[in-house]
Amino acid sequence: MINEKYEKLTSILQEMRTVVVAFSGGVDSTFLLKAAVDALGYENVLAVTADSETYPSSELEEAKQLAQKIGVKHTVIETSELAIPGYTENNKNRCYFCKSSLFQHLVPIMEKSGFNNVIYGVIADDLNEYRPGIQAAKERGVRGPLQEASLFKEEIRELSRQFDLPTWDKPSFACLSSRIAYGEKITQEKLTKVEKAEAYLKTLHIRQVRVRTHGEIARIEVEPQNMKIVLENHEAISKELQSYGYQYITLDLIGYKSGSMNKVLS
């Protein structure tokens with residue numbers, strides 16, 4: 001089944017002939033970029049990464065290295081989510097504003113390059129989650145070949161492993177704004193706090209972590225097997241995160257859950 005899906009993905013890409021890939025360096029966009037290069041040749045693929053306030057510098061450096069490993073032309077553009085009207089208010093359509101702005105930048109790049117399509121790493125799993133960015137893609141004519149080929153996250157990880165992509169077991173990542181509770185204004189100060197807090201926790205050998213921000217409260221999400229690390233280092237963690245500006249430091253006993261902030265929307 002997985003091989004049939006990959007063949008379908010290849011067919012979809014070949015029909016497109018030339019593509020600009022919205023490339024974040026995550027599991028899905030990295031696999032999509034690799035598949036596009038294999039299907040179309042490096043000369044018919046352009047990877048574009050948007051560097052902004054919500055994108056950690058460590059992720060940007062990794063994206064550059066991945067594009068070099070895959071052997072594709074890579075362009076980094078400067079964008080600002082905080083400058084997008086409606087974004088900082090942080091309502092439930094925040095991701096729509098973000099993706100709409102991103103695609104607004106990528107479509108002219110596609111046209112200037114003489115390419116035919118802009119594609120991004122939306123996957124089959126996303127159909128079952130709250131993803132307002134999908135609507136933005138439809139409005140801009142941006143396609144999601146992985147979703148069109150019905151590829152799910154675990155299948156993408158397995159294919160990535162087979163293709164020797166270092167992202168095959170990379171922890172899932174989302175923009176830093178997803179850590180801030182809906183309704184709370186998004187600011188550079190809050191984004192910086194989140195980035196510093198998560199970077200610090202990763203130094204404790206915790207790979208998958210979210211520091212959800214609720215006002216002055218930091219709600220730490222890690223996988224259950226890593227909770228012991230947090231508890232054993234609770235004094236150091238509390239001191240460090242308080243130095244970033246948090247007043248209260250908590251551990252979520254449910255553990256890491258992708259999109260956990262969306263619970264309030266239901």
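The rules behind the values
Residues numbered from 1 in each chain as written. Predicted model: local features only at pLDDT ≥ 70, side-chain atom pairs only at ≥ 80, totals over all residues. Heavy atoms only, no water. UniProt positions renumbered as here; feature names shortened; annotations may be inferred. Helix = DSSP H or I, 4+ residues; strand = E, 2+ residues; numbered from the N terminus. Buried < 20%, exposed > 50% of the residue type's maximum accessible area, 1.4 Å probe, protein only. Arc of directions from axis to C-beta. Contact = heavy atoms within 4.5 Å. Core = buried A, V, L, I, M, F, W, Y, C linked by side-chain atoms within 4.5 Å.

## Let's talk about the UniProt feature "domain: NAD/GMP synthase" (unreviewed entry) in the protein chain
The feature "domain: NAD/GMP synthase" (unreviewed entry), as given by UniProt, occupies residues 14-81 in the numbering adopted here. Secondary structure across residues 14-81 comprises 46% helix and 25% strand; the distance between its end C-alpha atoms is 33 Å.

## Some words on helix 5 (residues 133-140)
Listing the buried residues of helix 5 in full gives G133, I134, A136 and A137. The arc that holds every buried residue of helix 5, seen down its axis, measures 160°, which confines them to one face. Buried positions along helix 5 lie against helix 4 (94-113) and helix 6 (145-148). Directly beyond the C-terminal end of helix 5, a positive phi value near 75° is found at G141.

## Points about the nonpolar core
Inside soluble globular proteins, nonpolar side chains tend to come together where they are buried. L9, L13, F31 and V45 are the most contacted members of the largest nonpolar core, which totals 34 residues. Those elements giving two or more residues to this core turn out to be helix 1 (2-16), strand 1 (19-22), helix 2 (27-40), strand 2 (45-51), helix 3 (57-70) and helix 7 (153-162). With 9 residues, helix 2 is the single largest residue contributor to this core. For F31, the contacting residues outside a window of four places in its chain are Y6, L9, L146, L151, I156, L159, S160, F163 and L165. In this structure, I84, V194, I220 and M227 belong to the second largest nonpolar core, which totals 24 residues.

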